[in-house]
Protein chains: 2
Amino acid sequence: MSELVGPVEVIGTGLLGTSIALACRRAGLEVLLSDLSAEHVRTASALGAGRPRTPGDRPQLVVVAVPPDHLGAAIAAALRAGDAVVTDVGSVKAGPLAEVAGEPRVRRYVGSHPMAGSERSGPLAATADLFEGRPWAVAPHADADPDAVALVEELVALCNAVVVRLSPEDHDRAVARTSHVPHLLASLVAGRLADAPADYLKLSGQGVRDVTRVAAGSPDLYGQIVAANSAAVVDLLSEVRAGLDSMIQALTDADRDTLRVLLDRGVDGTRAIPGKHGGPVRPTASVFVSVPDEPGVLARLFAAAGEAEVNIEDVRIDHDLGRAVGLVELLVEESRGEHLLASLESRGWVTHR
Amino acid sequence: MSELVGPVEVIGTGLLGTSIALACRRAGLEVLLSDLSAEHVRTASALGAGRPRTPGDRPQLVVVAVPPDHLGAAIAAALRAGDAVVTDVGSVKAGPLAEVAGEPRVRRYVGSHPMAGSERSGPLAATADLFEGRPWAVAPHADADPDAVALVEELVALCNAVVVRLSPEDHDRAVARTSHVPHLLASLVAGRLADAPADYLKLSGQGVRDVTRVAAGSPDLYGQIVAANSAAVVDLLSEVRAGLDSMIQALTDADRDTLRVLLDRGVDGTRAIPGKHGGPVRPTASVFVSVPDEPGVLARLFAAAGEAEVNIEDVRIDHDLGRAVGLVELLVEESRGEHLLASLESRGWVTHR
């Protein structure tokens, strides 16, 4: 089994490509950069992500990090250009694979997909830490060379990410379920808000903000992603439609039992999502604190929680209507809730459960 | 116009009823409590929320805070029991109104609906601060006595909430859109996770957690709520189904233009939700910070942000898989992002954009 010693070529120096390049440089590997945009390559080089690729270079590993529509062609070109192992970081795995299948050199291709990103894009948003602790799917096809798979998993380890090994088909079905379909349904729900009277939207609470948040993502990028995974997405959307039909029928017929089954199933689904650090979901308690909307108040609040020696598992800030007061929800381990509440109250914070 | 001087009777001493009672007591009003559960009344009384109602009491205002299925009957009984103004805090307004319409005393009924709640329920979770800065819909029907409307709006002001005046029909259409339909779609998306292989769910990111979070709510309560608003909900679900059909067709036909229109409309919808404090949504920048998962770290981080004199608009903590490192996203006013980033980096924090 070969060791990852470089050079590593990164094709596409956007957020993901440049972040991988920076992580490889941090590990002391030589990194070669290429991009249709010469400016992106210059920027990435200036950030210390590597040097522009030259014709005589012989990379050990090529990382293809181009937009979804161009993945297949870029992977094929990289396989033809030399004898390097080739991976990519695209959101969909079966489609690009199909474009390069059926020739011997495909043994050197192992697709992958880091679960990391940012609302920002481009090399300036990149960081070697982007993948810290994140899941990173490695999706070898049936004919992939085991050494090539091992090399790609070394890259994942070097980025401090966590390998999740899946077949390309399972990967695509997985992200259809955990990412693409939630995004598309969030878009449909958000779409119903677009033409609502302003008075209606004054009643928006945290729930609708949570449900629709991802729908703010780039329509161009998401359009490419879901189109590239249309088979798995359509299968799952059809299941959702069947559920929606049952729900409409149940409401029309005042059939509470069917409605209850659908809602119960939703509760089961929220519990199926893995908890923090991949462990089981630990029961948490919420402590609500009313705070003025001013600089420094959260620092004082967290300092007070720290003095109480309670670890905050999660935080949510409620965006209130019409008043310069924020409601902060602190989620803590269930057994620590009462202690935190009492502790904050004794320090003069306005709390409730 | 009469002034709210009490006594205020609260029927149903759960979370909402007891919280309203506590707010009234804080304002010095006499509060009378009733509930099918004598234990709830004892608990609420012990919390200082008022005293049990006795037959000779003559309340000025009655607040009905019972579960959705029992609202209509409880409102009707309260109207018949005396000459008090009657309001309720139910999530749906047209249905209960229909149960009491067509008789003179309905002039004394003005429905309302505070946008507040908690994952906890019962009187022990109650607090006079529950409604601080929250929208509170006041939904008078066409024949409501203006003095009765004014009295209910006094109650809202006393709870430090913000009146949003809507007709009962508009209220129900509004919450169908901002609450009921988002909840039902979140349940359907979450339902698709319930039977997914565990390996698939390892790829869950923040997006699917956000989309599905509300689906963890009580199926019993939400079943009652959406059933009580079935006409408005079915109308809107049918619109969502039409959008879903278009989406499935567009993906099947590789029709990127139609897909793009649907995704663009979702973006518009996320922008239509009012921003913090009811103002327009201000553009924000995200600063990501990698932090160890240990007590006190958030206090130190927020102290560092406070020293940089940057106001944190929102916070999200990313639940990483497999590592005891958390990624904290700080959302700040767009113009302050670079400053916060530089400031945190100079203090040794591991940040990226």
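- As annotated in an unreviewed UniProt entry, chain A is Prephenate dehydrogenase from Nocardioides caricicola.
- Quoted verbatim from the Catalytic activity (unreviewed entry) field of the UniProt record, the comment on chain A reads "prephenate + NAD(+) = 3-(4-hydroxyphenyl)pyruvate + CO2 + NADH".
- Chain A has a UniProt comment under Pathway (unreviewed entry) that states "Amino-acid biosynthesis; L-tyrosine biosynthesis; (4-hydroxyphenyl)pyruvate from prephenate (NAD(+) route): step 1/1."

1. Re the overall build of chain A
- Secondary structure assignment for chain A yields 13 helices and twelve strands.
- Seen through its C-alpha atoms, chain A measures out along the principal axes to roughly 65 × 55 × 40 Å.
- Here chain A holds 353 residues, and the buried ones make up 58% of them.
- If you take every contact in chain A between residues at least 6 apart in sequence, the share linking residues at least 24 apart comes to 67%.

2. A word on the relation of the copies chain B and chain A
- Of the two same-sequence chains, chain B is brought onto chain A (RMSD 0.1 Å, axial shift 0.0 Å) by a rotation of 180°. Interpreted geometrically, this transformation is the action of a two-fold axis. Of the C-alpha atoms belonging to chain B, the one lying closest to the rotation axis is found on B:V211, 2.0 Å away.
- Take the interface residues of chain B: 100% of them recur as interface residues in chain A, which is what a same-surface contact looks like.

3. Here we look at the interface of chain B and chain A
- Taken together, the 133 residues of chain B in the interface contact 133 residues of chain A.
- Both sides together, the interface formed by chain B and chain A hides about 12,300 Å², and carbon and sulfur atoms give 65% of it.
- Inspection of the region where chain B meets chain A yields 14 salt bridges.
- Residues A:D69 and B:R256 are paired through a salt bridge, measuring 2.7 Å at the closest nitrogen-oxygen approach.

About the cut-offs
- Residues numbered from 1 in each chain as written.
- Chains lettered and ligands numbered in written order.
- Predicted model: local features only at pLDDT ≥ 70, side-chain atom pairs only at ≥ 80, totals over all residues.
- Heavy atoms only, no water.
- UniProt positions renumbered as here; feature names shortened; annotations may be inferred.
- Helix = DSSP H or I, 4+ residues; strand = E, 2+ residues; numbered from the N terminus.
- Buried < 20%, exposed > 50% of the residue type's maximum accessible area, 1.4 Å probe, protein only.
- Contact = heavy atoms within 4.5 Å.
- Least-squares fit on C-alpha atoms with pLDDT ≥ 70 in both.
- Buried area = accessible area lost by both parts, 1.4 Å probe.
- Salt bridge = Lys/Arg side-chain N within 4 Å of Asp/Glu carboxyl O.

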